[in-house]
Amino acid sequence: MGSHRLPLHDLAGFVAGLPKAELHLHIEGSLEPELMFALAKRNRVAIPFDSVEAVRAAYSFSNLQDFLDIYYQGADVLRVEEDFRDLATAYFDRAAADAVRHAEIFFDPQTHTDRGISFDVVVTGLLAGMAEAEAKHGLTSKLILCFLRHLDEEAAFATLKAAEPWLDRIAAVGLDSSEVGHPPSKFERVFARAGEMGLLRVAHAGEEGPPAYVHEALDLLHIDRLDHGNRALEDPALVTRLARSGMTFTVCPLSNLKLCVIDDIDAHPIERMLRLGLRATVNSDDPAYFGGYVNDNYRALIPAGKLDAGDFATLARNSFLGSFLDDATVSRHLAALDAYVDAAAV
Ligand SMILES: Nc1ncnc2[nH]cnc12
Ligand SMILES: [Zn+2]
C-alpha cells in the first residue's frame, strides 16, 4: 500500500522487531506439548499421547470444532496456581522475543471450573505470570474473561459472578468456542450485565459464523473490539459501518489457515481489510496449536507480496490503537514505533 519497499529478507527482520501489541491470544492455546507433558507428570495426570511428537502429529484440524476438542483436552493438565503461572510465563517470554510490548490475553474460566478448579486459582496464577512479565520484560498485559458459547446463559452468569472479586484485574469479557449455532444473541443479557459492571466487551464473530453474527455482536453485545471478523467482508454495508466506526479486528492468519477458514495463506483477506479502511491487527490466537507466535503470523503474510513495510507498520500501529490501554500509554507506544520505523529508514 505505502511506498516502502524492502528486500524480503530485510522485511522479515523489520517486521520481527516492530514494537507491537497482541490482542487475540487464548492463554490455554499457548500450552506447548513440552509443557503439557511436564505438567502431566508434575500433577500425575494421564494424557492420551506418549510423546511430544505424537501430540504435534495430532494437531491437524479441518475446522474449529476439531481443534476445540483437542484444546479442551490439553487444558486438563492445568490444575494448580503454579501451572497457570508457568503457562503465562512461557507465553510472555515467547511474546517478548517477538517485540510484543503489551498483550491482552483471553482465558476460559469455565474450562477449568467445570473440572473443579476454582476461578481464583486460575486468576491468581495468571496474574502472577503477568506481574513477572512486567518485571522481567517490561511487557504489560490485561485479562479478558471469555464465556464458552457452547454452554448456556446461566453458566455464563455464574462465571460473571465468580469474577466479581476480581473486577479491578479483568479488563473485558469475551465470547469464544464453537461459533456456528451459538449466536451472540444467546449472551445479550450477560454482556449487558458485564457492561453495567464496567467491563469492556469483545466477541469472536465471523470466524466461521455468518455476517449476521457480526451484526448481533455489534447491536446486541455492544462490542468494543471484533475477534476475527473475516466473514464481515461478505456484507458491504457492514464493512462500511465497521470502517466508519474504527472497529478493531483481531485477525489471526495462521489460525485461519489451520482451521480451514482460508485455503491458502497467500489468499488471506487482511490486505483487503486494510484497503477497505478496516483497522486490522495481526495475532496468534492459539500459537501452540497453529504453528506460530505473533511474528510467525506477521511473517506468513510476507510471501504473498501484497503488504509492504508501511503496511506492516500500520498493522503494528493498529495493535496499539485497538488496545484497551489509556491514551497516554498508546501515544508512548506509537512514538516508540515511529522511532523504530524511522531508524529502519524504510
Ligand atoms: N479461534 C478460536 N475460536 C473460537 N474459540 C476459540 N478458543 C480458542 N481459540 C478459539
Ligand atoms: Zn480466538
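As a convention, each chain's residues are numbered from 1 in the sequence order in which they are written. Going through the entries in the order they are written, you letter the chains from A and number the ligands from 1. Confidence filtering applies because this is a predicted model: local features only for residues at pLDDT of at least 70, side-chain atom pairs given and counted only at 80 or more, and all residues used for totals across whole chains, interfaces and linings.

The protein appears in an unreviewed UniProt entry as Adenine deaminase from Rhizorhabdus dicambivorans. As its UniProt record puts it under Function (unreviewed entry), the protein is described as follows: "Catalyzes the hydrolytic deamination of adenine to hypoxanthine. Plays an important role in the purine salvage pathway and in nitrogen catabolism." UniProt's Sequence similarities (unreviewed entry) comment on the protein is quoted here verbatim: "Belongs to the metallo-dependent hydrolases superfamily. Adenosine and AMP deaminases family. Adenine deaminase type 2 subfamily." UniProt positions are given in the numbering used here, feature names are shortened, and annotations may be inferred rather than shown by experiment.

Student: Please give an account of the site of ligand 1 that cites residues and values.
Tutor: Here, nearness is defined through the C-beta atom: a residue counts as near a molecule or strand if that backbone-placed atom lies within 6 Å of it. In the neighbourhood of ligand 1, the contacting residues comprise His26, Gly29, Leu64, Asp176, Ser177, His204, Glu207, Ser255, Asp285 and Asp286. Classifying every residue of the shell around ligand 1 gives one nonpolar, five polar and four charged. In this count, Pro and Cys sit with the nonpolar residues alongside Ala, Val, Leu, Ile, Met, Phe, Trp and Tyr, while Asp, Glu, Lys and Arg are called charged and the others, Gly among them, polar.

Student: Would you mind going over unusual backbone geometry in detail, with residue names and values included?
Tutor: Of note in this structure, Arg44 is not a glycine but carries a positive phi near 55°. Relative to the helices and strands, Arg44 resides in the loop between helix 2 (33–43) and helix 3 (52–58). For every residue, the other C-beta atoms within 10 Å of its own C-beta are counted; 20 or more classify it as buried, 12 or fewer as exposed, and values in between as partly exposed. C-beta atoms are placed from the backbone. Its 7 C-beta neighbours within 10 Å are what place Arg44 among the exposed residues. Of note in the backbone geometry, Ala99 takes a positive phi value of approximately 65° without being a glycine. A helix here means a DSSP run of H or I that spans at least four residues, while a strand means a run of E at least two residues long, and both kinds are numbered starting from the N terminus. Looking at the element boundaries, Ala99 is found in the loop between helix 5 (81–97) and strand 2 (100–107).

Student: Break down the nonpolar core for me, citing the residues and quoting the values.
Tutor: Ile27, Phe107, Leu126, Ile144, Ala217 and Phe312 are the most contacted members of the largest nonpolar core, which totals 99 residues. The contact criterion used here is simple: two residues whose C-beta atoms, placed from the backbone, lie within 7 Å are in contact. Apart from the residues lying within four places of it in its own chain, the contact partners of Leu126 are Ile27, Phe84, Ala88, Phe107 and Leu143. Definition of nonpolar core: a set of buried Ala, Val, Leu, Ile, Met, Phe, Trp, Tyr and Cys residues joined via C-beta atoms within 7 Å.

Student: Which residues make up the sheet that holds strand 3 (residues 140–148), and what are the values?
Tutor: Backbone-to-backbone hydrogen bonds pair the strands of a sheet. The strands run either parallel or antiparallel. Taken together, eight strands build an open sheet; the order of strands is 1-2-3-4-5-6-7-8 and the sheet is parallel. Every interior strand has two partners, whereas the edge strands, strand 1 (20–26) and strand 8 (279–282), have only one. In this sheet, adjacent strand axes meet at a mean angle of 25° when their direction is disregarded. Of the pairings in the sheet, the one linking strand 5 (residues 200–205) to strand 6 (residues 225–228) comprises four bridges and is parallel in character. The residue bridging Ala203 from the neighbouring strand is Leu226, located in strand 6. Should DSSP find at least two bridges between two strands, the strands are regarded as paired. In this analysis an axis means a line fitted to C-alpha atoms, helices contributing only their contacting stretch, and an angle means the value between N-to-C directions, from 0 to 180 degrees.

Student: Residue-level account of the environment of Asn43, with values.
Tutor: You can see Asn43 is positioned in helix 2. Residues Asn43 and Ile170, 127 residues apart in the sequence, show an inter-C-alpha distance of 28 Å. Setting aside chain neighbours within four positions, we find Asn43 in contact with Val77 and Arg79.

Student: With reference to specific residues and values, describe the environment of Met273.
Tutor: Looking at the secondary structure, you find Met273 in helix 13 (residues 270–275). Leave out the neighbours within four places in its chain, and Met273 touches Phe249, Val251, Leu278 and Ala280.

Student: Please set out the packing of helix 5 against helix 7 (residues 119–137) residue by residue, giving values where relevant.
Tutor: Helix 7 packs onto helix 5 with a crossing angle of 35° between their chain directions and a minimal axis gap of 7 Å. By crossing handedness, the relation of helix 5 to helix 7 is classed as right-handed. From helix 5, Glu81, Glu82, Asp83, Phe84, Arg85, Ala88, Thr89, Phe92 and Ala96 reach across to helix 7, where they touch Val121, Val122, Thr124, Gly125, Leu126, Ala128, Gly129, Met130, Glu132, Ala133 and His137. We call a crossing left-handed when the near helix sits turned anticlockwise from the far one by less than a right angle, and right-handed when that turn is clockwise.

Student: Which residues make up the pairing of strand 5, and what values go with them?
Tutor: Burial runs high along strand 5: five of the six residues are buried. Pairing geometry for strand 4 (residues 172–176) and strand 5, over two bridges, is parallel. Counterpart to Val173 in the pairing with strand 5 is Arg201. Every crossover in which the path from the first strand over the helix to the second runs clockwise, viewed with the strands pointing away from the viewer, is termed right-handed. A crossover links strand 4 with its parallel partner strand 5, the connecting element being helix 9 (residues 188–196), and its sense is right-handed. With respect to chirality, the unit in which strand 5 leads through helix 10 (residues 211–219) into the neighbouring parallel strand 6 is right-handed.

Student: Run through helix 9, naming residues and quoting values.
Tutor: Among the residues of helix 9, those classed as buried are Val190, Phe191 and Ala194. Viewed along the axis of helix 9, the buried residues span an arc of 95°, placing them on a single side of the element. Packed against the buried residues of helix 9 are strand 3, helix 8 (153–163), strand 4 and strand 5. Phi turns positive, to about 90°, at Gly198, one or two residues after helix 9. Summarising the geometry, the arc corresponds to the directions from the helix axis toward the C-beta atoms.

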